[in-house]
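Structural overview for review
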Amino acid sequence: MQAIILAAGMGKRLKDLTKDNTKCMVKVNGVTLIDRLLHQLDNRGLSRVVIVIGYEGQKLRDYIATLDIKTEIIYVENEIYDKTNNIYSLALAQDWLCKEDTLLFESDIIFEDAVLDALIEDPRDTLALVDKYEPWMDGTCVKLADDDKIISFVPGKSFDFNDTSGYYKTVNIYKFSQYFSETHYVPFLDAYQKALGENEYYEQVLRVIAMLDDPAIKAKRLDGQKWYEIDDIQDLDIAESLFASDDERIDLINRRYGGFWRYPKLLDFCYLVNPYYPPQKMKDEIKANFETLLTEYPSGMRVNSLLAAKNFGVPQESILVGNGAAELIKSLMERIKGRTGFVRPTFEEYPNRYADGNSVSFYPDNKDYSYTADDLIGFFGDKDIDNLVIVNPDNPSGNYIKKADLLRLIEWTKEKGIKFVLDESFADFADEEENTLIDKALLYDNPHLFVMKSISKSYGVPGLRLGVLASGDTETIAWMKKDVSIWNINSFAEFYMQIEGKYKNQYEAALVKYREERRRFEAGLNSIEGIRVIPSQANFVMVELTKDVTPRELLKKLLVKHNILIKELTSKTNGGRYLRLAIRNTEDNNRLIDAMKEEL
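Summary of the structure given here. Model, not experiment: these values are computed from the prediction. (Residues numbered from 1 in each chain as written. Predicted model: local features only at pLDDT ≥ 70, side-chain atom pairs only at ≥ 80, totals over all residues. Heavy atoms only, no water.)

All right, on to the packing of aromatic side chains then. For any pair of aromatic rings, geometry is given as the distance between the ring centres together with the angle between the planes. Enumeration according to the criterion identifies 26 aromatic pairs in this entry. Between Y174 and Y202, the aromatic rings sit 5.9 Å apart at their centres with planes inclined by 80°, giving edge-to-face as the arrangement. One end of the pair, Y174, is in strand β11 (residues 167–176); the other, Y202, is in the loop between α6 (178–196) and α7 (203–209), and 28 residues separate them in sequence. The pair formed by Y174 and Y202 is uniform in burial state, with each residue classed as buried. Judged by centre distance (6.3 Å) and plane angle (70°), the ring pair of F260 and Y263 falls under edge-to-face. Looking at F260, the relative accessible area reads 6%, which means it is buried. (Phe/Tyr/Trp six-rings, centres within 6.5 Å; stacked < 30°, edge-to-face > 60°. Helix = DSSP H or I, 4+ residues; strand = E, 2+ residues; numbered from the N terminus. Buried < 20%, exposed > 50% of the residue type's maximum accessible area, 1.4 Å probe, protein only.)

Take a look at the structure:
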């Protein structure tokens, strides 16, 4: 068996990285794509590797000569690489293609050895490597029959986003038998090129062959093996985190702060969700208005404040909308002055926006990181603070102060002349219903009170980036409306607020279902030896590891072996062995429980 690598292209979308080098010379974690690929092939005992070169071809030859590759390497030159596409490059190597069985590669693919092994070890002699379609993928897809027969090729221009559940993405790695090349591929390649020219893609030939009664090629479905196609710098960034060493991979992924849907089949228990909301009908309503929302400008702050006021039952001048609660936190924390009290550990966006010299932190003195309103009053009573910030339920502990005790805190801070910032982003998940402090009479009787709420977390729409802040201090609210951008949210977020009221009943039903799943999830975690669960009233649960394993060690095992991402809290708990686990749906939660049982 031999290999053919198509490496003539210019890789323009990688910009400066391919200004003086061909695409396969781009480095992923310090190793070029061609270096990695050639060494993977060198270990498979192939008869030869044929490389079709073009752009910066001599530079590529010189570089490969330094790599100590034992397998024979043969070069085929595409002198008109800038005027042709890869169908022409493969046509230049067609004589080699007919000499023996061939592995065919594009040079911009990075993959783990298991991908190559899956293709080589499959007894079928002619295969197209495919993977289940995911949103991060781009390019040609196929539809398959149950027996792996390729029913049809779906090029980009024929792509139907309403039909993706049945799509498989071509990985651009193939195994061709010598017989298939001689009787099918090369004859059709010649005919296709004569009819349609040299600026086409070689996969178009396979598309024609797939229409035959006996196409002689089937699909090989991957099952979780890692691969990635690198077309631009964003792809390169993803690939570097996918194929880094285990420890470095963890750090690179965490530094992304989201966007994990771009990672193949990664199950994210790090970021917080509501899996039972929004309902499908709401999603369909947003989809039905997609074109208008995409192409039309959103309203300004005044109109969006009206929408928020309608949804939360407070006057327009008492509420503003943010591009996520994070935007409002930044603006509010820049507005308030003086010494500010925090509970630690907590959502760090608040203390990070305030100078350490003006911060006073309360640390609960128990292993559950629990505290009460009386604990806060007792600690901060003699601290001479000007502001107090509380997240309730708190993050990451899930600690919850009931509404009656919050009302006592409001009275206490009012008597002491302390501004009270309460973040109730997770309050809807608490067992105590009707616990919100966004209430017209309460806010106007207590203008020192500021209530923050993340719509993203409670309502399961983090992609919309929505948050609100309500207060009877209309002067501060008015200042903040001028401080943030007049068009600080997009049309999709505005439309969501416009229709949200119609789905109140579904939201309440989703919360009931969520609380039931939280109780079941906590019970499942409690059944794991080495886990101590800290009861939570939020959409996450904090657990302590009681076995001789560190949070980072468990994080690494779950990520590497199970493709599950969790949040470890070592830095937040002064070296304690704590994790924060988002609560997802039953299927996902069971997968995490099973993985943790296996690793602990």
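This part takes up the sheet that holds strand β21 (residues 466–471). Pairing within the open sheet is mixed, and its seven strands lie in the order β15-β21-β20-β19-β18-β16-β17. Strands at the two margins of the open sheet, each flanked by one partner only, are β15 (319–323) and β17 (359–362). Sheet twist, expressed as the mean angle between neighbouring strand axes with direction ignored, is 20°. Alignment of strand β20 (residues 449–454) against β21, held across five bridges, turns out to be antiparallel. Bridging from a neighbouring strand, K453 pairs with V468 of β21. Each of β15, β16 (340–343), β18 (387–391), β19 (419–423), β20 and β21 is contacted by helix α13 (residues 325–335), which is oriented at about 155° to β20, the strand it contacts most. (Pairing = 2+ DSSP bridges. Axes fitted to C-alpha atoms, helices over the stretch in contact; angles between N-to-C directions. Contact = heavy atoms within 4.5 Å.)

Now for helix α5 (residues 113–121). Think of an α-helix as turning once every 3.6 residues; residues three or four places apart then point the same way. Those residues of α5 that fall on the buried side of the exposure criterion are V115, L116, A118 and L119. All buried residues of α5 lie within an arc of 160° about the axis, which places them on one face of the element. (Arc of directions from axis to C-beta.)

Below, the discussion takes up the environment of K281. The topology assignment puts K281 in helix α10 (residues 280–288). Taking C-alpha positions, K281 is 9.1 Å from Y503, a pair spaced 222 residues apart along the chain.

This part covers helix α22 (residues 551–562). A rise of 1.5 Å per residue sets the reference length of α22, with its twelve residues, at 16 Å; its end C-alpha atoms lie 16 Å apart and thus fit the reference within 8%. Those residues of α22 not exposed but buried are P551, L554, L555, L558, L559 and H562. Along the axis of α22, the buried positions cluster into a sector of 125°, meaning they face one direction only. Of the residues trailing α22, N563 is marked for its positive phi of about 60°. (Expected span 1.5 Å × (residues − 1).)

Attention shifts here to the pattern of salt bridges. Summed over all chains, the structure comprises 42 salt bridges. Of the charged contacts in the structure, one is a salt bridge between D131 and K265, with a shortest N-O distance of 3.3 Å. Of this pair, D131 sits in strand β8 (residues 127–132) while K265 is found in the loop between α9 (246–254) and β14 (267–268), placing the two residues 134 residues apart along the sequence. Take K265: its relative accessible area is 32%, and that puts it in the partly exposed class. R256 is the partner of D237 in a salt bridge, and the nearest nitrogen-oxygen pair spans 2.4 Å. Here the residue D237 occupies a position in helix α8 (residues 233–242), and R256 occupies one in the loop between α9 and β14, the gap between them amounting to 19 residues. Classification of R256 by relative accessible area gives partly exposed; the value is 21%. Connected via shared salt-bridge partners are D122, R124, D148, K220 and R221. (Salt bridge = Lys/Arg side-chain N within 4 Å of Asp/Glu carboxyl O.)

Interpretation note: all reported values are geometric properties and have no functional meaning in isolation.
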